[in-house]
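Breakdown of the fold
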Amino acid sequence: ALHWAGLNKIILALVLSPLIGIVTGFIFMVIMMWSFRNTPPHVLNKGFRKLQVLSAASMAFSHGTADAQKSMGVITMALVSYGTLETFAVPVWVKVACAVAMALGTAAGGWRIIKTVGHDFVKLQPVHGFCVETASAGVILGASAIGMPTSTTHVITSSILGVGLSKRLSAVNWQIAYRIVWAWVLTIPASAAVAYVTYQTLSPLLGK
């Protein structure tokens, strides 16, 4: 029942996007620090604190082109399978529901993740944050443009790693990095297992 060609494309995107994020974050940070090498740190960070409004906005937009699209696709697929929709066209209410759910979820439960990746993983200053957000947005928008599904969390975390590596190896908390990678690896089979058990449990009850 699986379309392996599509599945291979998804797996390839999930594997390559963090690697591209690391390289992009590293290069972007090196270019930025070389360009402003004669600027005092406090002046540099003061300017980039304002520029982060733009980089954060671009990151938020790219987030919508990646994670929100995947959610809308799955929901629309379910509606088509059930017979509610005749064609694969995303209803407006699905778009609004996904946008609201993502915003509320980030506002309600995102602070612990923000603290982990923005302070415990690598200590970020405004100039670092600008580079991370801009590099991540570029990677995600590029992947979305060619139809490759990516995880915003994976890309921005890997970009943070690239920015940290541009400073020095000790700038990265490798214990946190180890835990993050394990979380990435385990969530995929865990999600598949939960979905399998749920389907096998509910199918007899729904007569499917």
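Structure: see above.
Read on for an overview of the structure. (Residues numbered from 1 in each chain as written. Predicted model: local features only at pLDDT ≥ 70, side-chain atom pairs only at ≥ 80, totals over all residues. Heavy atoms only, no water.)

Describing the overall build of the protein
Of the regular secondary structure elements, the protein holds seven helices and zero strands. Sequence-ordered secondary structure for the protein, helices as α and strands as β, is α-α-α-α-α-α-α. C-alpha atoms of the protein, sized along the principal axes, occupy 70 × 35 × 35 Å. Buried positions account for 30% of the 208 residues belonging to the protein. Within the protein, residue pairs in contact and separated by at least 24 positions form 76% of the contacts whose partners lie at least 6 positions apart. Surface accessibility of the protein: about 13,300 Å² in total, with carbon and sulfur atoms responsible for 73%. Charge separation in the protein, taken as the distance between the mean sites of 14 positive and 4 negative side-chain charges, equals 12 Å. (Helix = DSSP H or I, 4+ residues; strand = E, 2+ residues; numbered from the N terminus. Buried < 20%, exposed > 50% of the residue type's maximum accessible area, 1.4 Å probe, protein only. Contact = heavy atoms within 4.5 Å. Areas by Shrake-Rupley, 256 points an atom, 1.4 Å probe, with all protein chains shown as cover. Lys, Arg positive; Asp, Glu negative; His and termini not counted. Charge placed at Lys NZ, Arg CZ, Asp CG, Glu CD.)

Regarding the side chain of Thr76
Tracing the backbone shows Thr76 in helix H2 (residues 41–82). Ignoring sequence-local partners within four residues, the contact set of Thr76 consists of Leu85, Phe88, Ala89, Val90, Pro91 and Val94.

Some thoughts on helix H7 (residues 174–206)
Its 33 residues place the ends of H7 47 Å apart at the C-alpha level, agreeing with the 48 Å of an ideal helix rising 1.5 Å per residue. Along its length, H7 reaches its greatest deviation from straightness, about 25°, at Thr187, and the proline Pro189 lies no more than four positions downstream. Of the surrounding elements, those touching the buried residues of H7 are helix H1 (4–35), helix H4 (111–121) and helix H6 (152–167). The opening residue of H7, the one whose side-chain oxygen lies 3.2 Å from the backbone nitrogen of Gln175, is Asn173. (Expected span 1.5 Å × (residues − 1). Bend = angle between axes of the 7 residues up to and from the residue. Polar contact = N/O pair within 3.5 Å; in protein donor to acceptor, adjacent residues only side chain to side chain.)

Some details on the environment of Met77
Mapped onto the fold, Met77 is located in helix H2. Each C-alpha atom of the pair Met77 and Phe26 lies 38 Å from the other, and the pair is 51 residues apart in sequence.

Re a nonpolar patch on the surface
A grouping of Ile11, Leu12, Val15, Leu16, Leu19 and Ile20 is seen on the molecular surface, where their side chains present a nonpolar patch of about 520 Å² in accessible area. Secondary-structure assignment places Ile20 in helix H1. (Patch = residues over 30% accessible without salt bridge, like charges linked within 9 Å, V, L, I, M, F, W, Y side chains within 5 Å. Salt bridge = Lys/Arg side-chain N within 4 Å of Asp/Glu carboxyl O.)

Thoughts on the nonpolar core
One broad rule of soluble globular proteins: the nonpolar side chains tend to lie buried together. Among the nonpolar cores identified, the biggest contains 19 residues, and Met32, Phe48, Phe121, Val127, Ile160 and Ile180 are the most heavily contacted of them. Going through the elements one at a time, H1, H2, H4, helix H5 (126–145), H6 and H7 are the ones with two or more residues in this core. The contacts of Phe121, once residues within four sequence positions are left out, are Thr116, Thr157, Ile160, Leu161, Ala171, Val172, Asn173, Ile176, Ala177 and Ile180. Counting six residues, the second largest nonpolar core, distinct from the first, contains Met72, Leu79, Cys98 and Met102. (Core = buried A, V, L, I, M, F, W, Y, C linked by side-chain atoms within 4.5 Å.)

Some thoughts on the environment of Thr152
With respect to the helices, strands and loops of the structure, Thr152 is situated in helix H6. In this structure, the C-alpha to C-alpha distance between Thr152 and Ile10, residues 142 residues apart in sequence, is 14 Å. Beyond its immediate chain neighbours, meaning those up to four positions away, Thr152 contacts Met59, His63, Ala66, Asp67 and Ile140. Side chain to side chain, Thr152 and His63 meet in a polar contact 3.0 Å long.

Digging into the packing of aromatic side chains
Going through the model one piece at a time under the given rule, you end up with four aromatic pairs. With a centroid separation of 6.4 Å and an interplanar angle of 40°, the aromatic rings of Phe28 and Phe130 are classed as tilted. Here Phe28 is found in helix H1, whereas its partner Phe130 is found in helix H5, with 102 residues between them in sequence. According to the relative accessible area criterion, Phe28 is partly exposed, its value standing at 25%. Their ring planes at 85° and their centres at 5.6 Å tell us that Phe36 and Phe48 sit as a pair that is edge-to-face. Placement of the pair is Phe36 in the loop between H1 and H2 and Phe48 in helix H2, with a sequence separation of 12 residues. Overall, Phe36 belongs to the partly exposed group, its relative accessible area being 32%. Residue Phe48 is classed as buried on the basis of its relative accessible area, which comes to 5%. Taken together, the ring pairs connect Phe28, Phe36, Phe48 and Phe130 into an aromatic cluster. (Phe/Tyr/Trp six-rings, centres within 6.5 Å; stacked < 30°, edge-to-face > 60°.)

Notes on the side chain of Thr150
The topology assignment puts Thr150 in the loop between H5 and H6. When sequence neighbours within four positions are dropped, the list of residues in contact with Thr150 reads Ser17, Ala66, Asp67, Lys70, Ile140, Ala143 and Val155.

Some words on the packing of H6 against H7
Packing of H6 against H7 leaves a shortest axis separation of 12 Å and a crossing angle of 155°. On the basis of the axis angle, H6 is roughly antiparallel to H7. As H6 runs across H7, the sense of the crossing is left-handed. Within the contact between the two elements, H6 uses Thr153, His154, Thr157, Leu161 and Leu165 and H7 uses Trp174, Ile180 and Trp184. (Axes fitted to C-alpha atoms, helices over the stretch in contact; angles between N-to-C directions. Parallel < 35°, antiparallel > 145°, perpendicular 65-115°, else oblique. Left-handed = near helix turned anticlockwise from the far one by under 90°.)

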